[in-house]
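Remarks on the overall topology
Single-letter residue listing:
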Amino acid sequence: MRKTTIIAVANQKGGVGKTTTVLNLGAGLSKHSRNVLLVDLDPQNHLSRYCGYSPDGKPTISELIHQEVSKIVGNPYENFIRRNKSEQIDYIPSNNMLAGMLGILGMDSDSAGIIGRI
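Source: prediction; values computed, not measured.

Calculation rules
Residues numbered from 1 in each chain as written. Predicted model: local features only at pLDDT ≥ 70, side-chain atom pairs only at ≥ 80, totals over all residues. Heavy atoms only, no water. Salt bridge = Lys/Arg side-chain N within 4 Å of Asp/Glu carboxyl O. Buried < 20%, exposed > 50% of the residue type's maximum accessible area, 1.4 Å probe, protein only. Patch = residues over 30% accessible without salt bridge, like charges linked within 9 Å, V, L, I, M, F, W, Y side chains within 5 Å. Areas by Shrake-Rupley, 256 points an atom, 1.4 Å probe, with all protein chains shown as cover. Helix = DSSP H or I, 4+ residues; strand = E, 2+ residues; numbered from the N terminus. Contact = heavy atoms within 4.5 Å. Expected span 1.5 Å × (residues − 1). Arc of directions from axis to C-beta.

1. Quick look at the pattern of salt bridges
Under the criterion given, the structure shown has three salt bridges. As a salt-bridge pair, D90 and R83 come within 2.9 Å of each other at their nearest N and O atoms. On the basis of relative accessibility, which here comes to 23%, the residue D90 falls in the partly exposed class.

2. Points about a nonpolar patch on the surface
On the surface, I7, V9, L25 and L29 cluster together to form a nonpolar patch covering roughly 300 Å² of accessible area. With respect to the helices and strands, L29 occurs in helix α1 (residues 18-31).

3. Remarks on the environment of V9
The residue V9 is located in the segment before α1 in this model. You can call V9 partly exposed: its relative accessible area is 33%. Sequence spacing of V9 and T21 is 12 residues, and the spatial spacing of their C-alpha atoms is 7.8 Å. Leave out the neighbours within four places in its chain, and V9 touches K18, T21 and V22.

4. What to know about the environment of N35
Its place among the elements puts N35 in the loop between α1 and β1 (37-39). On a C-alpha basis, the gap between N35 and R2 in space is 9.8 Å, while along the polypeptide they are 33 residues apart.

5. What about helix α3 (residues 61-70)?
Most of α3 is tucked away: seven of the 10 residues are buried. Listed in full, the buried residues belonging to α3 are I61, S62, L64, I65, Q67, E68 and V69. Positive phi appears at K71, one or two residues downstream of α3, with a value of about 55 degrees.

6. A look at the side chain of N45
Along the chain, N45 falls in the loop between β1 and α2 (46-50). Exposure remark for N45: the relative accessible area of 13% places this residue in the buried category. Residues in contact with N45, not counting those within four places in the same chain, are D40, S94 and N95.

7. Topic: α1
With 14 residues, α1 ought to run about 20 Å at 1.5 Å a step, and its terminal C-alpha atoms sit 20 Å apart, in line with that. Burial in α1 covers these residues: V22, G26, A27 and S30. The arc enclosing the buried residues of α1, seen along the axis, measures out at 125 degrees, which places them on a common side. α1 presents N24 and K31 as exposed residues on the side facing more than 90 degrees away from its buried surface. Those residues of α1 that are buried are in contact with β1, α2 and β3 (89-92). S33 lies just past α1 and shows a positive phi near 60 degrees.

Below you can see the structure in the form of structure tokens.
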């Protein structure tokens, strides 16, 4: 069994290649027979669109964050994941609702640890 590795790409500045880096890392790892799950945490959702996402009625990362902050039993994690078959990459898409998540996270006393629980 392979060990799970988490790679995060973050920078507050826009236009520095975060999305391109993540997409290329994911595609490269997939081509080397690694299972890849990309999580789009940008409300502009460019990564999601590159992966082929179009609104499909299934929950996105916004709903997953809300579910975790609210500590409600909701959708199982598998319901958030989509598949890009041509690149053999799984992803959890973002949408513009994510822009309002900062307000929701700010109300949670444990907001600093919310992403780590997902």
